[in-house]
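Structural overview for review
Next come the chains, spelled out residue by residue.
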Amino acid sequence: MTQSFTRRVITTLATIIFALTAAMAQKPQLVVNIIIGSMRSNDIERYTSNLSDNGFKRLANGGVVYNNACYDYALTSSAAGLATLATGTQPSIHGAIGEYWWNYTDESRVSLIGDPKACPVPFSTGAGSYSPHRLSCPTLGDMLTAANPESKSFTVAIDPLSALLLTGHSGVAYWPETNKTNWTTSSAYLHELPLWVRNYNANQTNSMYTLKRWTPLYAASTYRNNEVAVIEDIKNKSTKLISDVNLQLANSPIGAMRYTPAGNTMLLEFASMLIAQERLGSDSAPDILNICLDTSRYIASTYGPESMEYEDMLYRLDKDIEEFLTFLYAQIKDPRHIVVVVVTSDHGTSPSYNPIGSTARERFNVRQMEVIVNAFLGARYGSDHYVMGFANNALYLNHRILLEKHLAIEAIREEVATFLLQMRGVATAISASSLRNTSFADGRSRLVQQSFYATRSGDILIDFMPGWIIEDSAVRSASDAGYNYDRKVPLIIYGTGIAGSYSEEVSMVMVAPTIARLLGIEQPWASTATPLKECITTKR
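Described in the following lines is the structure provided in the data block. In this text the structure is predicted, and so the values were computed from the model without any measurement.

Take empty space enclosed by the protein next. Evaluated as defined, the whole model comprises 3 cavities of 30 Å³ or more. Roughly 150 Å³ of volume is contained in the largest cavity. The wall of the largest cavity is formed by 15 residues, among which Asn33, Leu85, Ala86, Leu166 and Asn290 lie closest to the centre. Of all the secondary structure elements, the ones that give two or more residues to the lining of the largest cavity are strand S1 (30–36), helix H4 (78–87), helix H6 (140–147), strand S11 (287–293), strand S12 (339–344) and helix H19 (511–519). Tallied by class, the residues present in the lining of the largest cavity amount to 11 nonpolar, 4 polar and no charged. Empty space within the second largest cavity amounts to approximately 90 Å³. Taken together, Ala74, Leu75, Asn392, Asn393, Val448, Ser451, Leu461, Ile462, Asp463, Phe464, Asp480 and Ala481 make up the lining of the second largest cavity. Here the element with the most residues in the lining of the second largest cavity is strand S17 (residues 460–464); it accounts for 4 residues. Looking at the lining of the second largest cavity, its residues break down into 7 nonpolar, 3 polar and 2 charged.

Moving on, we get to the sheet that holds S17. Read from one edge of the open sheet, 4 strands run S14-S15-S17-S16, paired in antiparallel fashion. Only two strands of the sheet have a single partner each, and these edge strands are strand S14 (387–391) and strand S16 (426–431). When strand polarity is set aside, the average angle formed by the axes of neighbouring strands in this sheet is 20 degrees. In the sheet, S16 pairs with S17 via 5 bridges, with the strands oriented antiparallel. In the sheet register, Thr428 faces S17, and the bridge partner there is Asp463.

Two faces make up the sheet, and in a regular strand the side chains alternate between them. Of all 8 residues in strand S2 (residues 63–70), 7 are buried; the element is thus mostly enclosed. Pairing geometry for S2 and strand S19 (residues 488–494), over 6 bridges, is antiparallel. Bridge assignment links Tyr66 to a residue of S19, and that residue is Leu491. Where S2 and strand S20 (residues 500–502) come together, 3 bridges link them in parallel fashion. Paired with Val64 across the strands is Gly500, a residue of S20. In this structure, S2 lies alongside strand S21 (residues 506–507), joined through 2 bridges in parallel fashion. Residue pairing for S21: Cys70 is matched across the bridge by Ser507.

Neither face of strand S8 (residues 183–186) is exposed, since Trp183 and Thr185 on one face and Thr184 and Ser186 on the opposite face are all buried. Here strand S5 (residues 120–121) runs beside S8; their pairing, made up of 2 bridges, is antiparallel. In the strand pairing of S8, Val121 is matched with Thr185. Two strands pair when backbone bridges link them, and strand S7 (residues 172–176) and S8 are joined in this way by 2 bridges, in the antiparallel orientation. Within the sheet, the bridge partner assigned to Trp175 lies in S8 and is Thr184. Linkage of S7 to S8, two consecutive antiparallel strands, is achieved through a turn of 6 residues, within which Thr181 is found at a positive phi near 60 degrees.

Conventions we followed
Residues numbered from 1 in each chain as written. Predicted model: local features only at pLDDT ≥ 70, side-chain atom pairs only at ≥ 80, totals over all residues. Heavy atoms only, no water. 1 Å grid on protein atoms, 1.4 Å probe; cavity = no way out; pocket = protein on both sides within 12 Å on 5 of 7 lines; lining within 4 Å. Points joined across faces, edges and corners; volume = space filled by probe spheres on them. Helix = DSSP H or I, 4+ residues; strand = E, 2+ residues; numbered from the N terminus. Nonpolar A, V, L, I, M, F, W, Y, C, P; charged D, E, K, R; others polar. Pairing = 2+ DSSP bridges. Axes fitted to C-alpha atoms, helices over the stretch in contact; angles between N-to-C directions. Buried < 20%, exposed > 50% of the residue type's maximum accessible area, 1.4 Å probe, protein only.

Below is the structure:
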């Protein structure tokens, strides 16, 4: 009797262990990546008192939270961050260093996503000719669809750059064209929009969510920020008016999407419709949906992260995410199906250069720098157009003129790099030759090197001093200097069955291999990072 009881106990325990192991090894049917442009790492904590329990807090309380996640390079542009999330590697490998760069051969400006061989679907003068043909590494979505032909990969974003970089070469990317904000894509993906998208556009669904007046969601006295530009009906005498912002930015269909919280609502509503119509997560073949909320980046850049506009946008986004999560999980009919939601950002953002009531910080005047460098070289080697342009925090020299004058390009690079150190706002300047020939092990030079892509980066890369941004009348806050306020971002992974908060530093190149491991697929080819161990409970 004792032996029989013991056998039954052992059998029961083995069954339980097998069931738990199977559950732990089960792959998610859907991974939803939510990228909130320019969101700082501490925003959820900073604004927690006005956040609902079922939006950001639901994800943070029920998921794995990394409090010290950061990008491991200096040029923290949107292009670099999104490509890093998608490919799992640094800009020095994936090559998406910025929206454009200069071509030394024909002295033209090259667009990262511009492609004359592609056309918008359907044709629209507000859609542009774009494709991901210059993204040199496969993305997570590319790896998924290659491993599982029945799997689907989609991205929805406000900007075509965001949509294309997150999608990669396979799947489908959607973004709104700029005339009527109808959803469009590239001929690189489709030759005709699905019927449900055509109907969505025909019904002018986006316009239903436009804010007629932007008023605070909650009582103004409960807000942490007190700088305001365009929000109306604020009955709080402590608020301070931001006077140097273009108040007409939202006065167009695309402006309403970019510069008001309505853009986030429109995007999440379209994403919800996509989930339902494409039946994402409904079968055994896993799917990926990337949602890039570019609106938050536009609002942070234009009004500043200290503004009530930015804060109110987060509160409204919190409500939108609550509704989206409710809809998302209602679509998953099979209780055995797992959905993983990842929340992060493409980068943080700097403090506003001109905080109300304080002395304005200095900004870097690029055009002035170009003139001064050209004059410096002209005084030494004869007057000419030595500077071709500036992009991605780098100065591009005119190689044709240097060669015509029989000047050694490497020597001129070093001369200019040394000369630039005399300019206010420049912390250091490193030549392309040094970045190619030297391996920097630590410090800011290593971060600059991680941003350097030899065939696209400029001749001299400039590292600005903390707090400095490039002068631009439309920008109060920027994100491309690579200091802590730019590099550190929120990172929450929800739905793995594990919850907890972790303070050790983790690199954002680990996100793609983590998702790949969860999906049971090969990680993107250029990614050499290991998955985040807290999210991996067993080998998949």
